Amino acid sequence: MSVQDNSIQLSGNYATVAPVGQLSTASTVVLAGCEFDARAWTSLTYTIAVSTHDVTWSVWGANASDYSDETAVLTAVSVVAAAFSSYAVSLAPYAFYRVKIIDTVGASHGTATVRGIVKS
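Since the model is a prediction, treat every value here as computed from it, not as a measurement.

### Some words on unusual backbone geometry
Among all residues except glycine, the phi angle is most often negative; among peptide bonds, the trans geometry is most common.
Piece 1. A positive phi is found at Thr52, a non-glycine position, where the angle reads about 65°.
Piece 2. Locating Thr52 in the fold gives a position in the loop between β7 (43–51) and β8 (55–62).
Piece 3. Phi at Tyr67 is positive, roughly 60°, even though this residue is not glycine.
Piece 4. One can find Tyr67 in the loop between β8 and β9 (71–79).

### Details of the nonpolar core
Piece 1. Within the largest apolar cluster, 26 residues are counted, with the highest numbers of intra-cluster contacts made by Leu44, Tyr46, Ile48, Trp57, Val59, Val99 and Ile101.
Piece 2. Broken down by secondary-structure element, the contributors of at least two residues to this core are β3 (14–17), β7, β8, β9, β10 (84–89), β11 (96–103) and β12 (111–119).
Piece 3. Among the elements that take part in this core, β7 stands out by supplying four residues, more than any other.
Piece 4. Apart from the residues within four sequence positions on either side, Leu44 is in contact with Phe36, Tyr87, Ala88, Val89, Tyr97, Ile117 and Val118.

### Details of the packing of aromatic side chains
The description of an aromatic ring pair rests on the distance of the ring centres and on the angle between the ring planes.
Piece 1. Taken as a whole and assessed by the stated rule, the structure comprises three aromatic pairs.
Piece 2. Pairing Phe36 with Tyr46 gives two aromatic rings, centres 5.8 Å apart and planes at 45°, and the pair type is tilted. Of this pair, Phe36 sits in strand β6 (residues 36–37) while Tyr46 sits in strand β7, and the two are ten residues apart along the sequence.
Piece 3. Take Phe36: its relative accessible area is 2%, and that puts it in the buried class.

### Here's the deal with the pattern of salt bridges
Piece 1. Throughout the structure, instances matching the rule amount to three salt bridges.
Piece 2. Here Glu70 and Arg98 are joined by a salt bridge, their closest N and O atoms 3.0 Å apart. Here Glu70 is found in the loop between β8 and β9, whereas its partner Arg98 is found in strand β11, with 28 residues between them in sequence.
Piece 3. For Glu70, a relative accessible area of 22% puts it in the partly exposed group.
Piece 4. Salt-bridge contacts for Glu70 lead to Lys100; the nearest nitrogen and oxygen are separated by 2.7 Å. Of this pair, Glu70 sits in the loop between β8 and β9 while Lys100 sits in strand β11, placing them 30 residues apart in sequence.
Piece 5. Each of Glu70, Arg98 and Lys100 takes part in salt bridges that share partners, so that together they form one network.

Calculation criteria
Residues numbered from 1 in each chain as written. Predicted model: local features only at pLDDT ≥ 70, side-chain atom pairs only at ≥ 80, totals over all residues. Heavy atoms only, no water. Helix = DSSP H or I, 4+ residues; strand = E, 2+ residues; numbered from the N terminus. Core = buried A, V, L, I, M, F, W, Y, C linked by side-chain atoms within 4.5 Å. Buried < 20%, exposed > 50% of the residue type's maximum accessible area, 1.4 Å probe, protein only. Contact = heavy atoms within 4.5 Å. Phe/Tyr/Trp six-rings, centres within 6.5 Å; stacked < 30°, edge-to-face > 60°. Salt bridge = Lys/Arg side-chain N within 4 Å of Asp/Glu carboxyl O.

Here's what the structure looks like:
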């Protein structure tokens, strides 16, 4: 049986996030709906698919639920249009994770679609 809570899909020994594609902007922004509370899980993976224009993405980890102590676990990586990239960790050291995006080239907004999974 699966339970859906916002964009987090829980099923057995894993949970997923799959927010709709979002446009990047000229400023770094949090990709809405991609946050994980990873405290009950051991491994984490995000994948990003980019369409239209290049997007730069990064993955952030924190121990505070408000991300006040966040640090980049994947520093900014540019992903060209029509390409994919991923981040994975088998023993997630932080409690909370999220993804941020920005235009790779200013004013050339790309669509980023991120999928994430945590497993025990």
